[in-house]
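Observations on the model geometry
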Amino acid sequence: MSLTRFMDLADFSREEVEDLIALSNHLQTHPEPQALAGKILGLVFLNPSLRTLASFQAGMARLGGNSFVITPGQGTWGLETRLGVRMDGSAAEHVREGLPVLASFCDALAIRAFADGKNLAADVADSTFKAMADLIDKPFINMESAINHPCQALADWKTLNDLEIAPRAKFVLSWVPHPRALPLAVPAAALHMAALRGHEVVVARPDGFALPEEVMARARAAAAQSGGSVTETDDQQAAMQGAHVLYAKEWGCTRHYGDAAADAALRAGLEHWQVNNDTFQGAVADCRLMHCLPVRRNVAVHEAVLDGPRSVVLKEAHNRLVVQMAVLHRLLA
Ligand code: CP
């Protein structure tokens, strides 16, 4: 399978995803320290990161290549992403010039740009991110856009493989508390990943926090292809009955998208959605906890679960390095 863009796990069939994971498994046991010798990866972070930044740099180095990191506005010019604006604010440069220039310096470019968080339709359409990607005439990687995080989804799929979680197993994606609204990219990507893998997927979320219908419909279509299913409920405990995997994630309210005050009012009193040991009542005995990290201890997930045997969050994070090496190898070797 040749690859020029890694934008969305939904662009791949189950077989193509398994093919990428097979390559990542191969690279784990048969390192190729010269595979990308002479190649350069440009990494543009319009938003913060720990795992994505470090794992891409480490992965590139392990394959013999190099990378540079741009954090616009922090030692480099601030980058404007909006079209048609009068640039009399803090950003000195527009992505329409900045990104093609950066792409001309490297062999592949990767961008992280979170949702604007104001207009749900625009964020679900990923229009700003797609416009940036269209400026790049090199292999391109989505390191998290408004509505997608394919690198996380691929690492999560591999983690489920490593744990020998059967495709038909019950996968619960549950909303968990956070002090403020977070983007929809990870829950949307995790939902699609689990649906495409063929799971019985249940999305548990409070009233007002339903994932956008476009995201749910896409996941239902993927599940139909894979023999799985996708349902949703506002009853976390009911969702957990018979669950094999609990994927905890924080996200913002969609009913009042972009309205911080309304979001805060809606999430007040939802602390009981925090994952703790009681959350697993009714689940299978070895039900696992997944989370993409970073996670707020004792807000989103109780430390007893994070530090206990159910948690596979560190394995998931390590798999980011491993699967991204396969993506880099396919794009550049
Ligand atoms: N899960 C994830 O993408 O982590 P970072 O935000 O630290 O990169």
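Keep in mind that what you see is a predicted model, and the values were worked out from it rather than measured.

Scoring rules and cut-offs
- Residues numbered from 1 in each chain as written.
- Predicted model: local features only at pLDDT ≥ 70, side-chain atom pairs only at ≥ 80, totals over all residues.
- Heavy atoms only, no water.
- Helix = DSSP H or I, 4+ residues; strand = E, 2+ residues; numbered from the N terminus.
- Rg over C-alpha atoms; globule rule 2.2 N^0.38 Å.
- Buried < 20%, exposed > 50% of the residue type's maximum accessible area, 1.4 Å probe, protein only.
- Near = heavy atom within 4 Å.
- Polar contact = N/O pair within 3.5 Å; in protein donor to acceptor, adjacent residues only side chain to side chain.
- Areas by Shrake-Rupley, 256 points an atom, 1.4 Å probe, with all protein chains shown as cover.
- Nonpolar A, V, L, I, M, F, W, Y, C, P; charged D, E, K, R; others polar.
- Domains from an automatic or database assignment.
- Contact = heavy atoms within 4.5 Å.
- Buried area = accessible area lost by both parts, 1.4 Å probe.
- Core = buried A, V, L, I, M, F, W, Y, C linked by side-chain atoms within 4.5 Å.
- Arc of directions from axis to C-beta.
- Pairing = 2+ DSSP bridges.
- Axes fitted to C-alpha atoms, helices over the stretch in contact; angles between N-to-C directions.
- Salt bridge = Lys/Arg side-chain N within 4 Å of Asp/Glu carboxyl O.

To continue, consider the overall build of the chain. Helix and strand content of the chain: 12 helices and 12 strands. Relative to the compact-globule value of 20 Å for 333 residues, the chain shows a C-alpha radius of gyration of 20 Å, a close match. Counting only C-alpha atoms and orienting by the principal axes, one finds that the chain spans roughly 55 × 50 × 35 Å. Looking at the 333 residues of the chain, the share that counts as buried comes to 53%.

Every residue near the ligand is listed here: Ser49, Leu50, Arg51, Thr52, Arg112, His149, Gln152, Cys292, Leu293 and Arg320. In the model, an oxygen atom of the ligand is placed 2.9 Å from a nitrogen or oxygen of the Arg51 side chain. Protein chains shield 94% of the accessible area of the ligand, which is 250 Å² for the free molecule. Considered class by class, the residues forming the shell around the ligand number 3 nonpolar, 4 polar and 3 charged.

Looking now at the domain arrangement of the chain. Domain parsing of the chain yields domain 1 (5-148 + 320-332) and domain 2 (164-311). The C-alpha centroid of domain 2 is placed 26 Å from the C-alpha centroid of domain 1. With 20 residues of domain 1 in contact, the opposing surface of domain 2 contributes 22 residues. Interface area, domain 1 with domain 2, both sides summed: about 1,500 Å², of which 64% is carbon and sulfur. Of all residues in domain 1, the largest losses of buried area upon contact with domain 2 belong to Arg14, Arg51 and Leu120, amounting jointly to 36% of the total for that side.

Moving on: the nonpolar core. Within the largest apolar cluster, 96 residues are counted, with the highest numbers of intra-cluster contacts made by Ile141, Phe171, Leu191 and Leu289. Sort the elements by how many residues they give to this core and helix H12 (residues 313-332) lands first, with 10 residues. Three or more residues apiece are contributed to this core by two domains, here domain 1 (5-148 + 320-332) and domain 2 (164-311). Those residues within four positions of Leu191 in sequence are excluded, and the remaining contacts are Leu173, Val201, Val203, Leu211, Val215, Met216, Ala219 and Val230. One finds Leu79, Leu102, Leu135 and Ile136 within the second-largest nonpolar core, a separate group that totals 18 residues.

For an α-helix, 3.6 residues make a turn, and residues three or four places apart therefore share a direction. Taken together, the buried positions of helix H10 (residues 260-267) are occupied by Ala262, Asp263 and Arg267. Along the axis of H10, the buried residues cluster in a sector spanning 130 degrees; they form a single face. Summarising the geometry of H10, the exposed residues directed more than 90 degrees from the buried face are Ala261 and Ala265. Positioned one or two residues after H10, Gly269 has a phi angle of 90 degrees, which is positive.

Quick look at the side chain of Thr159 now. Checked against the element boundaries, Thr159 lands in helix H6 (residues 150-162). Within polar-contact distance, the side chain of Thr159 engages the side chain of Asn319 at 3.0 Å. Ignoring any residue separated from it by four or fewer positions in sequence, one finds Thr159 in contact with Met290, Val312, Lys315, Glu316 and Asn319.

A few words on the sheet that holds strand S11 (residues 245-249). The parallel open sheet is built from 5 strands, whose spatial order is S10-S9-S8-S11-S12. Of all strands in the sheet, those bounded by a partner on one side alone are strand S10 (229-233) and strand S12 (288-290). Pairwise comparison of adjacent strand axes, ignoring direction, gives a mean angle of 20 degrees for this sheet. Bridge count for strand S8 (residues 170-175) against strand S9 (residues 200-204) is 5 bridges, and the pairing is parallel. Bridge pairing in S9 places Lys170 opposite Glu200. Each of S9 and S10 touches helix H8 (residues 213-226); the most contacted strand, S10, lies at about 145 degrees to it.

Once that is clear, we can look at the environment of Arg218. Following the sequence through the fold, Arg218 ends up in helix H8. For the pair Arg218 and Leu196, spaced 22 residues apart in the sequence, the C-alpha separation amounts to 10.0 Å. Ignoring anything within four residues of it in the chain, the contact list for Arg218 reads Asp8, Ala10, Asn148 and His192.

Inspection of the entire model under this criterion finds 13 salt bridges. The salt bridge involving Asp8 is made with Arg218; its shortest N-O contact spans 3.1 Å. With Asp8 in the loop between strand S1 (5-6) and helix H1 (14-29) and Arg218 in helix H8, this pair connects stretches of sequence that are 210 residues apart. Relative accessible area serves as the criterion here: at 12%, Asp8 is assigned to the buried category.

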